[in-house]
Amino acid sequence: MSQNIESVLHEQRVFEPPVAFSRSARMQAADLERLRREAREDPLGYWARLAREHIHWQKPFTRVLDDSAAPNYRWFTDGELNVSVNCLDLHLTERADKTAIIFEGEAGDVRKLTYGQLHAEVSRCANSLRALGIEPGDRVVIYMPLVPEAVVAMQACARIGAVHSVVFGGFSALSLKDRIEDAGARCVITADGGWRGGQIVELKAATDKALADGCHSVEHVIVLRRSGQAISMQEGRDHWWHDIVATQASVCEPVWVNAEHPLFLLYTSGSTGRPKGIQHSSAGYFLNAKLTSQWVFDLRDDDVFWCTADVGWITGHSYVAYGPLAAGATLVLYEGAPTYPDGGRFWRVCAAHGVSIFYTAPTAIRALMKLGDEIPAAYDLSKIRLLGSVGEPINPEAWMWYHRVIGGGRCPIVDTWWQTETGAIMIAPIPGVTATKPGSCTQALPGIEAEIVDDEGRPVMAADAGGYLVIRRPWPSMLRTIWGDNARYIETYWSKFQNRYYVAGDSAHRDADGYFWIMGRIDDVLNVAGHRLGTMEIESALVAHPRVAEAAVVGRPHEIKGESVFAYVVCKGQRPSESELATLKIELRAWVGEQLGAIAKPDELRIVENLPKTRSGKIMRRLLRAIARGESITQDVSTLENPAILEQLRGG
Ligand code: WTA
């Protein structure tokens, strides 16, 4: 961590917003100042005004914030709305023929949907869910490739008040099963398969496996035909999308739900045990997703917005499925891998569809940067006017490359800090106003009171001193709870400072200008290629293997992925022979892939006789981390039961 602080402290470059951009930006310096003042002077009045102006309410709210059960805050509690109506129906008068979605499949197939067509398709899907008996509050798991129907399915759930829980298509059957069971889903929407890197991702087969033992809550499975290979369909349970959805009426009366009605659950990794079902509300979530789409991305009617995230992640919820539609934008969806069939794919998609705003993750930027400047130079990227970054700290080198090569030196970069739990962007520049510094997400948005505190919860005043990143006041799109486990919600996010602040779980520091620099997680969560993975989750997966007695997982810095997964494993019984080791390692990696999904596979796996432990029996993780990083050991190792294992841990 100290190394991290060092490197960012040396970053002195400041980029003023380009004049040409600022001149026509939606938000000017005076607007931002006005919003900040309003939020400071009357925080509740501020959010209430925005909620009145930016949400179409079927029944207006009279109460802004209910903090009677804090830290379970509730917003706009007596209002009623429908999120899908707010994203789609409101555009039908002016934008019915405007393109809402430009879709490009991995094989190059292109399909466009206008707002009118999207509205009709969402209505048909909503009607089919209703025909299957799905009621408001029922959970629907969506396990799909990144195709327009994934967005349609999410919006359709919102339309009838069903609660969706999207599971990323790269997760394994077992992960899917855990999520279905935790959510108690009645319906799963999936596809035969999706395309990724020229291969078919077998989604229906994985769904069948998940449902084969357990998942008793599931009554129906809707299957989109996408990849076209043969799959098995179970009579009575499984329905083809083209049979059940396509035949429905293209209008669907929305269900007006309470502001606090859960819009969705999204599972994310935590520091301990099982993934947490992060529960978001309808009105509060929608409000911040819409506002940030307009403020941070300066979205305007002629923009083509491409957020590369999959709908399986929060970024794909707020900046694919909800925010940009709420703002009436045209968005791009691309199904496949960034480098398929070659490293120019992203830039080809940008050029072909005239992308004007491009939002991606540092891990993708680094991977594409490595391929050289010639590849992007071959494409016309002149339409791009704004770039965004999310998911992990962006290293200044990648920032500069993004700025120079992709942005042609003319585009502001918005480095956006937020989390699954926060629902929407929290700390980010306003592109026409805020000067940026490579590697800093700059300042909190108006109404968001971000702060850095020490272990006692006291604000850290000294510039560049690190501490816990916390949010001092509730905000509308904050998570409401962890599904089925409110105690864990309080314990994870609030108890550290006696419910006074929301604790993000990141460490950060602020420079002399008050800019935030995120340093990384403080808990046992890894950030691998922008995805949150709990070390405990991977450890439990390893321990579930019949040959494994014990496992410890740590992160190691990785040039492209940010962090990589490094696992130490102790086998049951005798230590395997040299010849067995290689095959066992392969088997264990595949096993983790099967248990959790390919993204969690350890990049390196060391089989050792025992793990280093303190006298009280705790695994010495700091030591393991130092060894994984090849650093010299500064820790006292005299308490080690078997000092000889140091050699093994080092891979000797
Ligand atoms: C990290 C993704 C630095 C951070 C939206 C956070 C970032 C976690 C940034 C949330 C950023 C996200 N700079 N770090 N701009 N954005 N993070 O829930 O550690 O998948 O806590 O949400 O990603 O990851 P999640």
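For the structure itself, consult the block above.
Nothing here was measured: the structure is a model prediction, and the numbers come from that model.

Scoring rules and cut-offs
Residues numbered from 1 in each chain as written. Predicted model: local features only at pLDDT ≥ 70, side-chain atom pairs only at ≥ 80, totals over all residues. Heavy atoms only, no water. Helix = DSSP H or I, 4+ residues; strand = E, 2+ residues; numbered from the N terminus. Rg over C-alpha atoms; globule rule 2.2 N^0.38 Å. Contact = heavy atoms within 4.5 Å. Areas by Shrake-Rupley, 256 points an atom, 1.4 Å probe, with all protein chains shown as cover. Lys, Arg positive; Asp, Glu negative; His and termini not counted. Charge placed at Lys NZ, Arg CZ, Asp CG, Glu CD. Buried < 20%, exposed > 50% of the residue type's maximum accessible area, 1.4 Å probe, protein only. Polar contact = N/O pair within 3.5 Å; in protein donor to acceptor, adjacent residues only side chain to side chain. 1 Å grid on protein atoms, 1.4 Å probe; cavity = no way out; pocket = protein on both sides within 12 Å on 5 of 7 lines; lining within 4 Å. Points joined across faces, edges and corners; volume = space filled by probe spheres on them. Nonpolar A, V, L, I, M, F, W, Y, C, P; charged D, E, K, R; others polar. Near = heavy atom within 4 Å.

Enquirer: Even after reading the chapter, I still don't get the overall build of the protein chain, so can you show me in this structure?
Expert: In terms of regular secondary structure, the protein chain is built from 22 helices and 30 strands. The C-alpha atoms of the protein chain give 24 Å as radius of gyration, which agrees with the globular expectation for 652 residues (26 Å, within 12%). Dimensions of the protein chain, computed from C-alpha atoms along their principal axes, come out at roughly 75 × 65 × 60 Å. Looking at the protein chain alone, contacts between residues at least 24 apart form 71% of all its contacts between residues at least 6 apart. Just so you have it, the protein chain exposes about 24,600 Å², and 49% of that area is on carbon and sulfur atoms. Within the protein chain, the 79 negative side-chain charges are centred at a point lying 1 Å from the centre of the 69 positive side-chain charges.

Enquirer: Can you help me understand the side chain of Gln648 in this one?
Expert: The residue Gln648 is located in helix 22 (residues 645-649) in this model. Accessibility expressed as a relative area gives 15% for Gln648, which makes it buried. A distance of 2.7 Å separates a polar atom in the side chain of Gln648 from the backbone nitrogen of Glu609. Ignoring anything within four residues of it in the chain, the contact list for Gln648 reads Arg575, Arg606, Val608 and Glu609.

Enquirer: Which parts of the structure should I look at to understand the layout of surface pockets?
Expert: A water-sized probe rolled over the atoms picks out the places where empty space is left. Estimates place the volume of the second largest pocket at around 430 Å³. Ser271, Glu491, Thr492, Gly505 and Asp523 are the residues nearest the centre of the second largest pocket, which is lined by 20 residues in total. Counting residues per element, the ones that place at least two in the lining of the second largest pocket are helix 18 (486-493) and strand 24 (502-510). The element that contributes the greatest number of residues to the lining of the second largest pocket is helix 18, accounting for four residues. Classifying every residue of the lining of the second largest pocket gives five nonpolar, seven polar and eight charged.

Enquirer: Please explain the site of the ligand as it appears in this structure.
Expert: Lining the immediate surroundings of the ligand are 17 residues, of which Asp415, Thr416, Thr420, Asp506 and Arg532 lie closest. Summarising the interface, the protein chains cover 96% of the accessible area of the ligand, which totals 530 Å² for the free molecule. Counting only elements with at least two residues in the shell around the ligand, the list comes to helix 13 (314-326), strand 20 (413-416) and strand 25 (516-521). Along the lines of polarity and charge, the residues of the shell around the ligand split into six nonpolar, six polar and five charged.

Enquirer: I tried to follow unusual backbone geometry on my own but got confused; where do I start?
Expert: One can expect most non-glycine residues to show negative phi and most peptide bonds to be in trans. Omega for the peptide link from Ala70 to Pro71 comes to 5 degrees, which places this bond in the cis form. With respect to the helices, strands and loops of the structure, Pro71 is situated in the loop between strand 1 (65-66) and strand 2 (74-75). The amide bond that connects Tyr340 to the next residue, Pro341, takes the cis arrangement and shows omega of -5 degrees. With respect to the helices, strands and loops of the structure, Pro341 is situated in the loop between strand 17 (330-334) and helix 14 (345-353). The phi dihedral of Asp464 falls on the positive side, at around 70 degrees, and the residue is not glycine. Assignment of secondary structure puts Asp464 in the loop between strand 21 (450-453) and strand 22 (466-471). Judged by relative accessible area, which is 28%, Asp464 ranks as partly exposed. Phi is positive for Gln498, which is not a glycine, with a value near 50 degrees. With a relative accessible area of 55%, Gln498 lands in the exposed category.

Enquirer: Before we go on, may I ask you to explain empty space enclosed by the protein in this structure?
Expert: One pass over the full model with this rule turns up four cavities of 30 Å³ or more. Lining the largest cavity we find Phe171, Ser269, Arg532, Leu533, Gly534, Glu537, Ile538, Leu596, Ile599 and Ala600. Those elements that provide at least two residues to the lining of the largest cavity are strand 27 (531-534) and helix 19 (535-543). The element best represented in the lining of the largest cavity is strand 27, accounting for three residues. Partitioning the lining of the largest cavity into residue classes produces six nonpolar, two polar and two charged.

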